[in-house]
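Here is what each chain is made of, one letter per residue.
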Amino acid sequence: MTSRAIGTGVVLALTLATAVVALPATAHAAPAPDPHGARADFNGDGFPDLAFAAPGATVKGAKGAGYVGVAYGSANGVRDSAKRVFTQASAGVPGTPEAGDAFGAAVTSADLDRDGYADLVVGSPGEKTGAAEGAGGGATVLWGGPGGLAGGATLLTGEEYDGLGRGLAVGDFNGDGAPDLLAAGGAALRTLTGPFTRDGAAATTGEIPNLDDERYLDVAAGDVNGDGRDDLAVLVNDGDEFDARRIHIGLGSAAGLGQELTSVKGKDGYSLEGGEHLAVGNVNNDKYADLAVGRAIDGYDSDLDLPLAKGGMLTYVPGSASGPQGTKAVVLNQDSAGVPGAAEHSDNFGASVSIGDTDGDGYGEIAVGVPGEDQGTVQNAGGTVVLPGTAAGPTGKGSYGFNQGTPDVVGAVERNDRFGGAVSLRDLNGDGRTELAVGAPGENADEGSLWVFPAAASGLAAKGSFSFGHGTLGTVAAKAELGSGFNR
């Protein structure tokens, strides 16, 4: 896990070359649409906001109860913006902080009640209901308004052992203009069709059957076939082997999501190898949303069956009129040409992924978290890598990274900081370019902290970056692991 110039901007020619494509000579004038956009503007001021999570936080003495927070966007970004924290002890938020609730294990946003303000949806997979021994989990909405987030309602609760709220995805799956919600647990997928009322009730509810006893790892939504309706992407462990991963797709329709998911196939006709972490956005500047799949875990047979999985890998799957094209997938890791660093076991390259246009050229970059990266002799200090987007997808050529040893980045390289544990690309100042937010959940003995990197015409920069954490938020610091996730 030794770092090789990650975060210095130095481009290295490495041994495993994969699909390196030159950037087009003529840049497109229109930036790639921010997939978050208005659906992350909680106070209606025209600037997307940044929600973040600390699901391991102690709240009123309850370890692992968890909290979420928000930094409001503005013309100047979020450096000096108001920042608020919400727990299940906050006024108007349903529930009670309890040990292991993991409030904030997943967060996403959309205008559920269609009042013109985005709302924040929070998953709590450890939530127990009634006398149940195993956590059913659930999801809560915090309502947006002119003053930002305030109050909330329960959207759903799971059955015993469901663990719902481990994954959340919002999208308009039936094309009626109202956001719908998908909540995932370990083996359960529940659907809530909008619009929603202020008491949290959905128009209809349903479930996608788990026909093959699969374990759901992550979910996301976007229009991958360009028909005007959002589609669902699901990452699964197929149950046969620990390190077997699959990518499933549920296409939206006038009736919403169907009862079955289909597996994305690779060039060999078999299911394309997937991962644990997922982002949906536009990388190649066409009209179809693309998938970025991070596989951070080295499987038992990775070196033999999947050489590029060593240390973690990123799989890009372009969208098309028929859905994701697994036969045109591009796979990169830290041994791919131009990608900073070196592929080494337990680097966790791909532990977090996000898509956004950082330089306004119309192509979406992919930010990849590498929280297990060693910096010199400092173990698990962590880092990030940014892969440029092109018409053929992401490329290692011109990629670069950041860590706490990068000049102009606040902080110091320390053991087990896990910088890159979460990443988010979001336009926080409305200039058409997405800034990069990075979480380091291990900072200060698992207290955790957040960083924001500004975007310019040349892309992201360390100069002007800043950090904030519990001192700014006024929250309980011990073992909170702030920076474990962002809203998607």
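Residues numbered from 1 in each chain as written. Predicted model: local features only at pLDDT ≥ 70, side-chain atom pairs only at ≥ 80, totals over all residues. Heavy atoms only, no water.

Brief notes about the overall build of the protein chain
Phase 1: When helices and strands are tallied, the protein chain shows three helices and 32 strands.
Phase 2: Split into buried and exposed, the 488 residues of the protein chain put 60% on the buried side.
Phase 3: Sequence-distant contacts, at least 24 apart, represent 58% of the contacts inside the protein chain between residues at least 6 apart.
Phase 4: Carbon and sulfur atoms make up 51% of the accessible area of the protein chain, which amounts to about 17,400 Å² in all. (Helix = DSSP H or I, 4+ residues; strand = E, 2+ residues; numbered from the N terminus. Buried < 20%, exposed > 50% of the residue type's maximum accessible area, 1.4 Å probe, protein only. Contact = heavy atoms within 4.5 Å. Areas by Shrake-Rupley, 256 points an atom, 1.4 Å probe, with all protein chains shown as cover.)

Concerning the sheet that holds strand S14 (residues 245–250)
Phase 1: Pairing in this open sheet of four strands is antiparallel, and the strands run S12-S13-S14-S15 from one edge to the other. Of all the strands in the sheet, the pair left with one neighbour each is strand S12 (215–222) and strand S15 (262–263).
Phase 2: Pairing geometry for S12 and strand S13 (residues 231–237), over seven bridges, is antiparallel. Paired with Asp218 across the strands is Leu235, a residue of S13. (Pairing = 2+ DSSP bridges.)

Let's talk about the layout of surface pockets
Phase 1: The volume enclosed by the second largest pocket comes to roughly 390 Å³.
Phase 2: As for the second largest pocket, its lining consists of 19 residues, and the residues nearest its centre are Leu272, Glu273, Leu306, Ala329 and Val331.
Phase 3: Where the lining of the second largest pocket is concerned, the elements lending two or more residues are strand S18 (313–317) and strand S19 (330–332).
Phase 4: Looking at the lining of the second largest pocket, its residues break down into ten nonpolar, five polar and four charged. (1 Å grid on protein atoms, 1.4 Å probe; cavity = no way out; pocket = protein on both sides within 12 Å on 5 of 7 lines; lining within 4 Å. Points joined across faces, edges and corners; volume = space filled by probe spheres on them. Nonpolar A, V, L, I, M, F, W, Y, C, P; charged D, E, K, R; others polar.)

As for empty space enclosed by the protein
Phase 1: Summed over the entire model, instances satisfying the criterion amount to two cavities of 30 Å³ or more.
Phase 2: A volume near 40 Å³ is recorded for the largest cavity.
Phase 3: Every residue lining the largest cavity is listed: Arg166, Gly167, Ala184, Gly185, Tyr216, Leu217, Asp218 and Val219.
Phase 4: Sort the elements by how many residues they give to the lining of the largest cavity and S12 lands first, with four residues.
Phase 5: In terms of residue class, the lining of the largest cavity is made up of four nonpolar, two polar and two charged.

Details of the pattern of salt bridges
Two side chains bearing opposite charge may form a pair once their charged atoms approach each other closely.
Phase 1: What the rule picks out here adds up to 13 salt bridges.
Phase 2: Sharing partners across several salt bridges, the network here consists of Arg418, Asp446, Lys479 and Glu481. (Salt bridge = Lys/Arg side-chain N within 4 Å of Asp/Glu carboxyl O.)

Some thoughts on the sheet that holds strand S32 (residues 485–486)
Strand pairing in a sheet relies on backbone hydrogen bonds. The paired strands run either parallel or antiparallel.
Phase 1: The strand order across the open sheet built from four strands is S3-S2-S1-S32, with neighbouring strands paired in antiparallel fashion. Of all the strands in the sheet, the pair left with one neighbour each is strand S3 (83–86) and S32.

Brief notes about the packing of aromatic side chains
Phase 1: Taken as a whole and assessed by the stated rule, the structure comprises four aromatic pairs.
Phase 2: For the pair Phe402 and Phe453, a centre-to-centre distance of 4.4 Å together with 20° between the ring planes defines the contact as stacked. Of the two residues, Phe402 is situated in strand S25 (residues 400–402) and Phe453 in strand S28 (residues 449–453); the sequence distance between them amounts to 51 residues. Of the two residues, Phe402 and Phe453, neither departs from the other in class, the shared state being buried.
Phase 3: Counting every residue linked through ring pairs, the aromatic cluster contains Tyr400, Phe402 and Phe453.
Phase 4: Seen from the ring of Phe468, Lys83 lies directly overhead, with NZ or CZ sitting 4.9 Å from the centre. (Phe/Tyr/Trp six-rings, centres within 6.5 Å; stacked < 30°, edge-to-face > 60°. Lys NZ or Arg CZ within 6 Å of the ring centre and 35° of its normal.)

Quick word on the environment of Ala391
Phase 1: Counting through the fold element by element, Ala391 comes out in the loop between strand S23 (389–390) and strand S24 (393–394).
Phase 2: Owing to a relative accessible area of 55%, Ala391 belongs among the exposed residues under this scheme.
Phase 3: For the pair Ala391 and Gly362, spaced 29 residues apart in sequence, the C-alpha to C-alpha distance is 9.8 Å.
Phase 4: Contacts of Ala391, omitting those with residues within four sequence positions, involve Asn284 and Tyr363.

So, the nonpolar core
Phase 1: Core analysis: the largest hydrophobic core is formed by 19 residues, its most contacted members being Phe52, Tyr67, Phe468, Leu473, Leu482 and Phe486.
Phase 2: Those elements that place two or more of their residues in this core are strand S1 (50–54), strand S2 (67–71), S28 and strand S31 (466–469).
Phase 3: Core analysis: the next-biggest nonpolar cluster, separate from the first, contains 18 residues, Val121, Ala153, Leu155 and Ala183 among them. (Core = buried A, V, L, I, M, F, W, Y, C linked by side-chain atoms within 4.5 Å.)

What about the pairing of strand S20 (residues 352–356)?
Phase 1: For S20, a buried count of five out of five residues is recorded, marking the element as mostly surrounded by other parts of the structure.
Phase 2: Here S20 shows no split at all, with Ser352, Ser354 and Gly356 on one side and Val353 and Ile355 on the other all buried.

Things to note about the environment of Leu460
Phase 1: Along the chain, Leu460 turns up in strand S30 (residues 459–460).
Phase 2: Taking C-alpha positions, Leu460 is 6.3 Å from Thr358, a pair spaced 102 residues apart along the chain.
Phase 3: Apart from the residues lying within four places of it in its own chain, the contact partners of Leu460 are Thr358, Val386, Tyr400, Phe402, Leu425, Thr434, Glu435, Leu436, Phe453, Pro454 and Ala455.

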